[in-house]
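Below are the chains, spelled out letter by letter.
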Amino acid sequence: MPTFVILGNFTQKRMETIKGISESIKEGREVFQSFGVTIKDMIFTMGRYDLVAIGDAPNAEAMTKALLSWGSKGLLRTETLTGFAAKKMIELANGI
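The structure contained in this document is the topic of the report that follows. (Residues numbered from 1 in each chain as written. Predicted model: local features only at pLDDT ≥ 70, side-chain atom pairs only at ≥ 80, totals over all residues. Heavy atoms only, no water.)

Evaluated as defined, the whole model comprises three salt bridges. Here E27 and K73 are joined by a salt bridge, their closest N and O atoms 3.1 Å apart. Within this pair, whereas E27 is found in helix 2 (residues 21–34), its partner K73 is found in the loop between helix 3 (60–71) and strand 4 (76–83), the two being separated by 46 residues in sequence. E27 sits in the partly exposed class, given a relative accessible area of 30%. Overall, K73 belongs to the partly exposed group, its relative accessible area being 29%. (Salt bridge = Lys/Arg side-chain N within 4 Å of Asp/Glu carboxyl O. Helix = DSSP H or I, 4+ residues; strand = E, 2+ residues; numbered from the N terminus. Buried < 20%, exposed > 50% of the residue type's maximum accessible area, 1.4 Å probe, protein only.)

This is the structure in C-alpha coordinates:
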(Lines give C-alpha, C1' and ligand atoms only; values in the text may rest on other atoms or scores of the structure.)
Protein backbone atom coordinates (compact mmCIF):
# COMPACT_ATOMS: atom_id res chain seq x y z
CA MET A 1 0.00 0.00 0.00
CA PRO A 2 1.52 3.36 -1.00
CA THR A 3 2.60 5.75 1.74
CA PHE A 4 2.03 9.49 1.51
CA VAL A 5 3.44 12.41 3.50
CA ILE A 6 0.92 15.23 3.91
CA LEU A 7 2.20 18.70 4.75
CA GLY A 8 -0.55 20.99 5.96
CA ASN A 9 -1.18 24.65 6.66
CA PHE A 10 -4.13 25.93 8.64
CA THR A 11 -6.41 28.36 6.85
CA GLN A 12 -7.82 31.48 8.46
CA LYS A 13 -11.07 29.56 8.96
CA ARG A 14 -9.19 26.87 10.94
CA MET A 15 -7.48 29.49 13.07
CA GLU A 16 -10.84 31.07 13.86
CA THR A 17 -12.15 27.66 14.96
CA ILE A 18 -8.94 26.26 16.50
CA LYS A 19 -10.71 25.24 19.73
CA GLY A 20 -12.63 22.67 17.68
CA ILE A 21 -9.48 20.91 16.50
CA SER A 22 -10.05 17.83 18.66
CA GLU A 23 -13.33 17.06 16.92
CA SER A 24 -11.81 17.92 13.53
CA ILE A 25 -9.01 15.40 14.01
CA LYS A 26 -11.54 12.67 14.72
CA GLU A 27 -13.77 13.72 11.81
CA GLY A 28 -10.78 13.99 9.46
CA ARG A 29 -9.64 10.46 10.22
CA GLU A 30 -13.18 9.22 9.50
CA VAL A 31 -13.31 11.09 6.18
CA PHE A 32 -9.96 9.67 5.10
CA GLN A 33 -10.97 6.18 6.23
CA SER A 34 -14.12 6.40 4.10
CA PHE A 35 -11.80 6.51 1.06
CA GLY A 36 -9.65 3.62 2.31
CA VAL A 37 -6.91 5.93 3.60
CA THR A 38 -5.37 5.31 7.01
CA ILE A 39 -3.69 8.24 8.76
CA LYS A 40 -0.88 6.50 10.64
CA ASP A 41 0.52 9.53 12.42
CA MET A 42 -0.10 13.25 12.68
CA ILE A 43 2.40 15.69 14.16
CA PHE A 44 1.70 19.37 14.71
CA THR A 45 4.70 21.55 13.95
CA MET A 46 5.98 25.08 14.21
CA GLY A 47 7.51 26.69 11.16
CA ARG A 48 6.57 26.51 7.49
CA TYR A 49 3.90 23.83 8.05
CA ASP A 50 1.34 23.48 10.83
CA LEU A 51 1.16 19.70 10.58
CA VAL A 52 2.77 16.67 9.01
CA ALA A 53 0.77 13.47 8.58
CA ILE A 54 1.75 10.03 7.30
CA GLY A 55 -0.95 8.03 5.58
CA ASP A 56 -1.39 4.81 3.66
CA ALA A 57 -3.79 4.60 0.74
CA PRO A 58 -4.67 1.88 -1.75
CA ASN A 59 -3.54 4.23 -4.55
CA ALA A 60 -2.98 7.88 -5.44
CA GLU A 61 -6.59 8.24 -6.56
CA ALA A 62 -7.94 7.27 -3.14
CA MET A 63 -5.58 9.71 -1.43
CA THR A 64 -6.56 12.46 -3.86
CA LYS A 65 -10.27 11.91 -3.22
CA ALA A 66 -9.71 11.98 0.55
CA LEU A 67 -7.68 15.18 0.32
CA LEU A 68 -10.24 16.87 -1.92
CA SER A 69 -13.07 15.86 0.39
CA TRP A 70 -11.31 17.15 3.49
CA GLY A 71 -9.96 20.22 1.67
CA SER A 72 -13.48 21.23 0.65
CA LYS A 73 -14.14 22.07 4.32
CA GLY A 74 -11.72 25.00 3.95
CA LEU A 75 -9.71 24.26 7.09
CA LEU A 76 -6.41 23.06 5.66
CA ARG A 77 -4.23 23.55 2.58
CA THR A 78 -2.01 20.59 1.79
CA GLU A 79 1.04 19.52 -0.15
CA THR A 80 1.34 15.76 -0.55
CA LEU A 81 4.42 13.67 -1.25
CA THR A 82 4.77 10.00 -2.13
CA GLY A 83 6.96 8.25 0.41
CA PHE A 84 8.91 5.02 0.55
CA ALA A 85 10.01 3.13 3.65
CA ALA A 86 13.74 2.45 3.86
CA LYS A 87 13.24 -1.25 3.05
CA LYS A 88 11.32 -0.36 -0.13
CA MET A 89 13.92 2.21 -1.18
CA ILE A 90 16.69 -0.39 -0.79
CA GLU A 91 14.62 -2.80 -2.93
CA LEU A 92 14.13 -0.12 -5.61
CA ALA A 93 17.82 0.81 -5.61
CA ASN A 94 18.87 -2.83 -5.86
CA GLY A 95 16.61 -3.18 -8.91
CA ILE A 96 18.53 -0.70 -11.07
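The next point concerns the packing of helix 2 against helix 3. Relative placement of two packed helices is described by the angle separating their axes and the distance separating the axes. Viewed as axis vectors pointing N to C, helix 2 and helix 3 meet at an angle of 145°, and their least axial separation amounts to 9 Å. As helix 2 packs across helix 3, the resulting crossing turns out to be right-handed. For the pair formed by helix 2 and helix 3, the contact residues are S24, E27, G28, V31 and F32 on the first element and M63, A66, L67, S69 and W70 on the second. Of the residues belonging to the contact of helix 2 with helix 3, the class tally is six nonpolar, three polar and one charged. (Axes fitted to C-alpha atoms, helices over the stretch in contact; angles between N-to-C directions. Left-handed = near helix turned anticlockwise from the far one by under 90°. Contact = heavy atoms within 4.5 Å. Nonpolar A, V, L, I, M, F, W, Y, C, P; charged D, E, K, R; others polar.)

Attention now goes to the nonpolar core. The biggest cluster of nonpolar side chains holds 17 residues, and the ones touching the most others in it are I6, F32, V37, I39, M63 and W70. Sorting the residues of this core by element identifies strand 1 (3–10), helix 2, strand 3 (51–56) and helix 3 as the ones contributing at least two each. Top contributing element to this core by residue count: helix 3, with five residues. When sequence neighbours within four positions are dropped, the list of residues in contact with I6 reads F32, I39, L51, V52, A53, M63, L67, T78, E79 and T80. (Core = buried A, V, L, I, M, F, W, Y, C linked by side-chain atoms within 4.5 Å.)

Read from one edge to the other, the open sheet built from four strands follows the order 2-3-1-4, with strand pairing classed as antiparallel. With partners counted over all chains shown, the strands left at the sheet margins are strand 2 (38–44) and strand 4, one partner each. This sheet shows a mean twist of 20° between the axes of neighbouring strands, independent of strand direction. Where strand 1 meets strand 4, eight bridges bridge the pair, whose relative direction is antiparallel. Bridged to V5 within strand 4 is L81. (Pairing = 2+ DSSP bridges.)

A separate point is the environment of K13. The topology assignment puts K13 in helix 1 (residues 12–16). Distance in space between the C-alpha atoms of K13 and L75 is 5.8 Å, their sequence separation being 62 residues.

This part is about the side chain of T11. With respect to the helices, strands and loops of the structure, T11 is situated in the loop between strand 1 and helix 1. Non-local contacts of T11, meaning those with residues more than four positions away in its chain, are made with G74, L75, L76 and R77.

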